[in-house]
Amino acid sequence: MCFRLVLVVGLFACAAQAQPSSAPSITLGGTLQPRFSYGHHEASGRTRLGFGLRRARLIVDARMADSWQFRLQLDGTGTSARILDAYIGYRLTSHWSLRLGRLSSAQPRALTLTSHRQIDAVERAAIAERWGACTIGSDGRDFGLEVAYRREQGRLLLFLHNGDGSWERLRGNYRESPSSTDVTGGVRRTGMAVSLGGALTPKAMEGLELGGFVSYNGAGNPNTAGRRYVSYGLHLYRGADPGSRPLRLKLDGLVVRYFRQEGAEPVPADRLLGGAVLGAVRLHRAAEAFARVERLDEGRTEPDRTILTAGFSVSPSAYRGAGYERQRMTVAYTTERGIAQRLLVVQWQLIF
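This text gives an overview of the structure that appears in the document. (Residues numbered from 1 in each chain as written. Predicted model: local features only at pLDDT ≥ 70, side-chain atom pairs only at ≥ 80, totals over all residues. Heavy atoms only, no water.)

### Focus on the layout of surface pockets
- Size it by volume and the largest pocket reaches roughly 1,200 Å³.
- In this structure, the largest pocket is lined by 43 residues; those nearest its centre are Arg-71, Tyr-87, Arg-99, Leu-113 and Arg-150.
- Of all elements in the fold, only strand E2 (46–64), strand E3 (68–75), strand E4 (82–91), strand E5 (96–103), strand E6 (142–151) and strand E7 (154–161) reach the threshold of two or more residues within the lining of the largest pocket.
- By residue number, the principal contributor to the lining of the largest pocket is E4, which donates five residues.
- Split by residue class, the lining of the largest pocket holds nine nonpolar, 17 polar and 17 charged.
- Taken together, 33 residues make up the lining of the second largest pocket; nearest its centre are Glu-123, Thr-334, Gln-341, Leu-343 and Val-345.
- Contributing elements (two or more residues each) for the lining of the second largest pocket: strand E1 (25–41), E2, helix H2 (126–133), strand E13 (287–297), strand E14 (305–314), strand E15 (327–337) and strand E16 (341–351). (1 Å grid on protein atoms, 1.4 Å probe; cavity = no way out; pocket = protein on both sides within 12 Å on 5 of 7 lines; lining within 4 Å. Points joined across faces, edges and corners; volume = space filled by probe spheres on them. Helix = DSSP H or I, 4+ residues; strand = E, 2+ residues; numbered from the N terminus. Nonpolar A, V, L, I, M, F, W, Y, C, P; charged D, E, K, R; others polar.)

As structure tokens, this is what we get:
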């Protein structure tokens, strides 16, 4: 698989060099995030030290005639490379656009609508990660069609999707051939999902973003124990990206309500409620300190969780006048009430 990934990169690079000026423009980009971690779990008495690789991403963007876009994002941190994003986009007008494929769309702002390059600490908010794991999948992407309206002062997203982002052909990736003797693939399913989300970014208040989302998923999948659900949330940001303002504040809240199946056994997690508050202060044009507190409720039989994260980041690229995210070292310490554990991570980020 690694050889295939190198081959794909080489072919795209050759195409980008050989193409005439009228051909599609192809851009390659990537992110590398190696880290060192210390973790301690008090109940078991376990302590762990070690190096790891959080992300190794390759992003291929192709644009044609200023209207068409193709994007492929690959991740190479597992035992084999896997595809995250794979979609085509078409710009209808200067404000309206379509995207079709596997992509991130209307969902909690703290999940994949926050780029992995712009995460405040070393991980996204835990409430957002749990939302993905309990709904469409932990990577926050799904197969579907998005209609988007964007202006300078905001955006609105409407997403019709499968409701299960799995690549498995019997789940989220419906791709039967006409030659098949059963074009349903042996699966009976008509439920789908629809999500609506948006945000306002008024000019009068630089760096302010107010938005939210609402989603109904009638498909059911193993993440939801086969249940339908409705979900909604709000966010208020003053400075969404690390290093973007002297003082930053981010508020996130989200809700998931599951519908019980007829005749099914009760499931402990009948809901998910989450809230997060983050504050950050600029120490230098190339350094920032941050702290975040989160509250997570995953059902009547599960204990509520309070997660505290604090740390700082330093950006050599920002010191030289480039983007804060291009080269960044982040140190983050996380502890949790109720579950006596702590985690210290030192992570480096390099973007090309």
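Past the structure itself, the notes keep going.
### A short note on the nonpolar core
- Formed by 18 residues in total, the largest nonpolar core has its most connected members in Ile-127, Trp-131, Val-256 and Leu-272.
- At the level of elements, H2, strand E10 (229–238), strand E11 (247–258) and strand E12 (271–284) are the ones that each hand at least two residues to this core.
- Sequence-distant contacts of Leu-272, that is, excluding residues within four places in its chain, are made with Arg-130, Trp-131, Cys-134, Leu-254, Val-255, Val-256, Leu-296, Asp-297 and Glu-298.
- Ala-121, Leu-278, Phe-290 and Val-345 belong to the second largest nonpolar core, which has seven residues in total. (Core = buried A, V, L, I, M, F, W, Y, C linked by side-chain atoms within 4.5 Å. Buried < 20%, exposed > 50% of the residue type's maximum accessible area, 1.4 Å probe, protein only. Contact = heavy atoms within 4.5 Å.)

### Section: the environment of Thr-334
- In this fold, Thr-334 is placed in strand E15.
- For Thr-334, a relative accessible area of 23% gives the class partly exposed.
- Polar side-chain contacts of Thr-334 include one of 3.1 Å to the side chain of Thr-309. (Polar contact = N/O pair within 3.5 Å; in protein donor to acceptor, adjacent residues only side chain to side chain.)

### Section: the environment of Arg-141
- Within the secondary structure layout, Arg-141 lies in the loop between H2 and E6.
- Note on Arg-141: relative accessible area 7%, which makes it buried.
- Sequence separation between Arg-141 and Gln-107 is 34 residues; the distance between their C-alpha atoms is 9.5 Å.
- Within the structure, Arg-141 has its side chain in polar contact with the side chain of Asp-85 (distance 2.7 Å).
- A polar contact of 2.8 Å, which involves the side chain of Arg-141, links it to the backbone oxygen of Asp-139.

### Looking at the pairing of E11
- Judged from the ten bridges that link them, E10 and E11 form a sheet pairing that is antiparallel. Note that in E11 the partner of Tyr-237 across the bridge is Lys-250.
- The pairing of E11 with E12 spans eleven bridges and is antiparallel. The partner of Leu-247 across the bridge, within E12, is Val-281. (Pairing = 2+ DSSP bridges.)

### Here's the deal with the packing of aromatic side chains
- Scanning all chains against the criterion turns up seven aromatic pairs.
- A ring pair is formed by Trp-68 and Tyr-90, whose centres lie 4.6 Å apart and whose planes are at 45°; its orientation type is tilted. One end of the pair, Trp-68, is in strand E3; the other, Tyr-90, is in strand E4, and 22 residues separate them in sequence.
- With relative accessibility at 42%, the residue Trp-68 sits in the partly exposed group.
- Take Tyr-90: its relative accessible area is 29%, and that puts it in the partly exposed class.
- Ring geometry for Tyr-229 against Tyr-258: centres 6.1 Å apart, planes inclined by 75°, an arrangement best described as edge-to-face. In this pair, Tyr-229 sits in strand E10 while Tyr-258 sits in strand E11, placing the two residues 29 residues apart along the sequence. This pair shows no difference in class: Tyr-229 is buried, exactly as Tyr-258 is.
- Its guanidinium or amino end placed over the ring of Phe-259, Arg-228 lies 4.7 Å from that ring's centre, counting from NZ or CZ.
- A cation over a ring is seen here: Lys-250 above Tyr-237, with NZ or CZ 4.6 Å from the ring centre. (Phe/Tyr/Trp six-rings, centres within 6.5 Å; stacked < 30°, edge-to-face > 60°. Lys NZ or Arg CZ within 6 Å of the ring centre and 35° of its normal.)

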